[in-house]
Amino acid sequence: MLAIITKQKLEEETLQVIEKLQNEKFAELNEMFEKKRPYDMSVIFQSLPEKYGISLLHNLDETTIASMMQKINTMQKLEVLGKIGPEKANKVLALLDTNILTRLLKKYPQVQLKKFLEEMDESNASYVKSMIDYPDNTAGSLMSNRYISIEDNLTVQDAIDKIRSLALYGEGNNHVYLIDKKGFLTGTVPYKELLLADPNEMLKNIMLKQVICVTTTTKRDHIVRLFKRYDFTALPVTNEDGVLVGIITFDHMVDALIQEASDDYGKFSTASKEIDFNTKPFNAAIRRLPWLVILLFIGLISGSIISKFEGTLEKVVALAFFMPLIAGMTGNTGTQSLAVVVRGLAENEIDAKTVMKLIFREFRVSLIIGVSCGLLISIIAFIWQGNIYLGLVVGCSLLLTLILGTMAGTVIPLILYKCKLDPAVASGPLITTVNDIFSLITYFSIASFFLSKLT
């Protein structure tokens, strides 16, 4: 029984790898890695000092490297390919699943990409070229060509024989896909039905004709909804004419969802999705800096607003006590609404009626939150400072800014979505900074109106 790799076990196996490399026991090294899961291979590789990591790559066989590359990110894949040289890199690429391969090749140097495609089998090269051309996050970019399709005019026994011969090629799922002579998808048959059916029965007589499928241009969010609704293990993909060209398996979809969640979190925090634990400090700083500089200049607007109300602050110093609270609460509620909307856009079909319902719902939510928090802070301000008008100013300001913040967090991602932009780009720091400006203007405008009562 294989155990999960622990920190202690990782250290032990890393030392074993270094020892085998130093003693040039390359056959033992390959044998050691062949018995490991792809994730465990990648963890050991990434724990090695750079010189031993390069040595390991040069002495592992192509199949093992291809297996390991399933569990490292795109930037690391490119680094691995660069370290093993063009000839070995092409052999490794040829062993990768098309789903992984096409995502990688989109970032591969054009000169090396052209050479790799020229060395591939013509039909495979054509398939990979077509997948590279599909936009990211569409069915075409997520599908695999490792599926088993059988003509629907064959018998059950013919199908079983073909499945046996292609068992190692096809991705694991519980259906066989049926096509006509021109390649059009006509139906599917569960493996269970094949086992129970008469061997001489025609496939077209037992197939499921109502097949749920997607086209190569179908967006990822729609595919996710189909997997969620129907509990698919795989989903067939056709071209616009209805010809079967690939399948999206559940495990590939899960990988895509994890990647999407990681990307969206990076966008929320305005951090690059290419930053991880192994990124060098300078590179990490360069990737984060652009957004932070933009937010820095936007933040200067907040400073100019405060300077406009300098006289109000001088007369009522107590107003300064509540500035961080007003700004912070507004930013928090805006970010909460943003998260709700972005998640909803990924899970639901959006139309005008749904949008209006969502906006009205969030407005009511903001009203309830605003009244509750406004009343509470009014009482606290009155007890603390002994001025009922100060409590009124702070409470009303918080009520209005919480409504504004919630509406900003709701409407901005919806506008971006309508403009065909990624709503996650409306990141937390951006919403927070914009809401800071709204909250300060509201707070000091109300305070200025009641200034005679505050002094």
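Above this text sits the structure in question.
Residues numbered from 1 in each chain as written. Predicted model: local features only at pLDDT ≥ 70, side-chain atom pairs only at ≥ 80, totals over all residues. Heavy atoms only, no water.

Draft legend 1. Looking closely at the nonpolar core. The biggest cluster of nonpolar side chains holds 40 residues, and the ones touching the most others in it are Val17, Phe33, Leu56, Met69, Leu81, Leu93 and Leu105. In terms of nonpolar packing, the next biggest core, distinct from the first, is built from 24 residues, Phe309, Phe322, Phe444 and Leu454 among them. (Core = buried A, V, L, I, M, F, W, Y, C linked by side-chain atoms within 4.5 Å. Buried < 20%, exposed > 50% of the residue type's maximum accessible area, 1.4 Å probe, protein only.)

Draft legend 2. Representation of the sheet that holds strand β1 (residues 149-151) within the structure. The sheet built from 3 strands is open, its strands ordered β1-β2-β3 with mixed pairing. Of all the strands in the sheet, just β1 and β3 (185-190) have a single pairing partner and so form its edges. The sheet shows a mean angle of 35° between the axes of neighbouring strands, direction not considered. As paired strands, strand β2 (residues 175-179) and β3 are joined by 5 bridges and run antiparallel to one another. Of the residues in β3, the one forming a bridge with tyrosine 177 is threonine 188. (Pairing = 2+ DSSP bridges. Helix = DSSP H or I, 4+ residues; strand = E, 2+ residues; numbered from the N terminus. Axes fitted to C-alpha atoms, helices over the stretch in contact; angles between N-to-C directions.)

Draft legend 3. Just the sheet that holds strand β6 (residues 244-249), in detail. An order of β4-β5-β6 is seen for the 3 strands of this open sheet, with the pairing classed as mixed. Unpaired on one side and paired on the other, β4 (214-215) and β6 mark the two borders of the sheet. As judged from the 2 bridges shared by β4 and strand β5 (residues 234-238), these two strands associate in the parallel manner. Residue pairing across strands places threonine 215 opposite threonine 238, the latter belonging to β5.

Draft legend 4. Inspection of the environment of isoleucine 305 at higher detail. When you line up the elements, isoleucine 305 lands in helix α17 (residues 281-308). Among the residues examined, isoleucine 305 registers a relative accessible area of 9% and is labelled buried. In the structure, isoleucine 305 is positioned 139 residues away from phenylalanine 444 in sequence and 8.8 Å away in space, judged by C-alpha atoms. For isoleucine 305, the residues in contact, after removing those within four places along its chain, are Ile437, Leu440 and Ile441. (Contact = heavy atoms within 4.5 Å.)

Draft legend 5. Seen up close, the pairing of β6. Burial within β6 is extensive, with 6 of its 6 residues counted as buried. Adjacent in sequence and paired antiparallel, β5 and β6 are bridged by 5 residues, among which glycine 242 carries a positive phi angle near 100°.

Draft legend 6. Region of the structure containing helix α2 (residues 26-34). Along α2, the residues that are buried comprise Leu29, Asn30, Met32 and Phe33. In an axial view of α2, the angular spread of the buried residues amounts to 160°, which keeps them on one side of the axis. Exposed residues lying more than 90 degrees from the buried face of α2 are Ala27 and Glu34. (Arc of directions from axis to C-beta.)

Draft legend 7. Looking closely at the side chain of threonine 186. Within the secondary structure, threonine 186 is located in strand β3. Polar side-chain contacts of threonine 186 include one of 3.0 Å to the side chain of aspartate 152. Each residue touching threonine 186, except ones within four places of it in the same chain, is listed here: Asp152, Leu178, Ile179, Asp180, Met207, Leu208 and Lys209. (Polar contact = N/O pair within 3.5 Å; in protein donor to acceptor, adjacent residues only side chain to side chain.)

Draft legend 8. Summary view of the pattern of salt bridges. A complete count under the given rule lists 7 salt bridges for this structure. Across the pair lysine 20 and glutamate 28 runs a salt bridge, and its minimum N-O distance is 3.1 Å. Among the salt bridges present, the one from aspartate 161 reaches arginine 164, with a minimum N-O distance of 3.9 Å. With aspartate 161 and arginine 164 both in helix α12 (residues 156-166) and 3 residues apart, this pair spans about one turn of that helix. (Salt bridge = Lys/Arg side-chain N within 4 Å of Asp/Glu carboxyl O.)

Draft legend 9. Layout of the packing of aromatic side chains. Tallied over the entire structure, the rule returns 5 aromatic pairs. Ring geometry for tyrosine 443 versus phenylalanine 444: centroids 5.4 Å apart, planes at 45°, classification tilted. Here tyrosine 443 falls in the buried class, since its relative accessible area comes to 0%. The rings of Phe321, Phe322 and Trp384 are connected pair by pair, giving a single aromatic cluster. (Phe/Tyr/Trp six-rings, centres within 6.5 Å; stacked < 30°, edge-to-face > 60°.)

Draft legend 10. Local environment of the environment of lysine 88. Position of lysine 88 among the secondary structure elements: in helix α7 (residues 86-95). In this structure the C-alpha to C-alpha distance between lysine 88 and aspartate 61, which are 27 residues apart in sequence, comes to 9.1 Å. Setting aside residues no more than four positions away along its own chain, lysine 88 makes contact with Leu57, His58, Asn59, Leu60, Glu62 and Ile65. At a separation of 2.6 Å, a polar atom in the side chain of lysine 88 contacts the main-chain carbonyl oxygen of leucine 60.

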